[in-house]
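Summary of structural features
So you can see what is in the structure, the chains are spelled out below.
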Amino acid sequence: MVGKYRVVTLCGSTRFKDAFMEVQKRLTLEGNIVISVGLFGHSGDDEVWKENVKEMLDDMHKRKIDMADEIFVVNVGGYVGSSTRSEIEYALAHGKSVRYLEQSGE
């Protein structure tokens, strides 16, 4: 918590950019501080695929999870890929709660 606000880090496939933006908006209006991804590699941010960038972003996202009270998984159609699954496992191992956009997830 930061003051009275819960901190939520968004996780999920970057192919769901529109869903990320909608979830970020909704959670913000509900009174949360929302931390999201910096780039959408599967939605056109080609910088992600340059040497060492994906690894840096994956590590950085774990630090974003460290700063959060919980993670919110943007699992459109129930999709949870390997990177997101790793983030969920990391969050749970570090005592963070996990919520899902669609309950068909984990």
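See the structure shown above.
Reference entry: report on the structure contained in this document. Fair warning: this is a prediction, and the values are worked out from it, not measured in the lab.

Overview of the side chain of Thr9
- Along the chain, Thr9 turns up in strand S1 (residues 6–12).
- Overall, the relative accessible area of 0% leaves Thr9 in the buried class.
- A polar side-chain atom of Thr9 sits 2.9 Å from the main-chain carbonyl oxygen of Lys64.
- The contact partners of Thr9, leaving out residues within four places of it in the chain, are Ile35, His61, Lys64, Ile65, Ala68, Glu70, Ile71 and Phe72.

Here's the deal with a nonpolar patch on the surface
- Taken together, Val2, Tyr5 and Ile33 make up a surface patch of nonpolar side chains, about 240 Å² in accessible area.
- Positionally, Ile33 belongs in strand S2 (residues 32–35).
- We classify Ile33 as partly exposed; its relative accessible area is 33%.

Considering the layout of surface pockets
- Its volume calculated, the largest pocket comes out at about 430 Å³.
- Residue lining of the largest pocket: 24 residues in total, with Gly12, Thr14, Lys54, Asp58 and Ser83 positioned closest to the centre.
- Elements that contribute at least two residues to the lining of the largest pocket include exactly S1, helix H2 (53–67) and helix H3 (82–93).
- Looking at the lining of the largest pocket element by element, the count peaks at six residues for H2.

Describing the packing of aromatic side chains
- Applying the stated criterion across every chain yields a total of two aromatic pairs.
- For the ring pair Phe16 and Tyr79, a centre distance of 6.2 Å and an interplane angle of 70 degrees mean the geometry is edge-to-face. Of the two residues, Phe16 sits in the loop between S1 and helix H1 (17–29) while Tyr79 sits in the loop between strand S3 (70–74) and H3, which places them 63 residues apart along the sequence.
- For Phe16, a relative accessible area of 16% puts it in the buried group.

Description of the pattern of salt bridges
- Within this structure, the stated rule accounts for six salt bridges.
- As a salt-bridge pair, Glu70 and Arg6 come within 2.9 Å of each other at their nearest N and O atoms. Remark: Arg6 occurs in strand S1 and Glu70 occurs in strand S3; sequence separation between them is 64 residues.
- On the basis of relative accessible area, Glu70 is assigned to the buried category, the value being 6%.
- Its relative accessible area of 29% is what places Arg6 among the partly exposed residues.
- Between Asp58 and Lys54 there is a salt bridge, with the nearest N and O atoms lying 3.0 Å from each other. Placement of both Asp58 and Lys54 in helix H2 is noted, with a separation of four residues, approximately one turn of the helix.

What counts, and where the lines are drawn
- Residues numbered from 1 in each chain as written.
- Predicted model: local features only at pLDDT ≥ 70, side-chain atom pairs only at ≥ 80, totals over all residues.
- Heavy atoms only, no water.
- Helix = DSSP H or I, 4+ residues; strand = E, 2+ residues; numbered from the N terminus.
- Buried < 20%, exposed > 50% of the residue type's maximum accessible area, 1.4 Å probe, protein only.
- Polar contact = N/O pair within 3.5 Å; in protein donor to acceptor, adjacent residues only side chain to side chain.
- Contact = heavy atoms within 4.5 Å.
- Patch = residues over 30% accessible without salt bridge, like charges linked within 9 Å, V, L, I, M, F, W, Y side chains within 5 Å.
- Areas by Shrake-Rupley, 256 points an atom, 1.4 Å probe, with all protein chains shown as cover.
- Salt bridge = Lys/Arg side-chain N within 4 Å of Asp/Glu carboxyl O.
- 1 Å grid on protein atoms, 1.4 Å probe; cavity = no way out; pocket = protein on both sides within 12 Å on 5 of 7 lines; lining within 4 Å.
- Points joined across faces, edges and corners; volume = space filled by probe spheres on them.
- Phe/Tyr/Trp six-rings, centres within 6.5 Å; stacked < 30°, edge-to-face > 60°.

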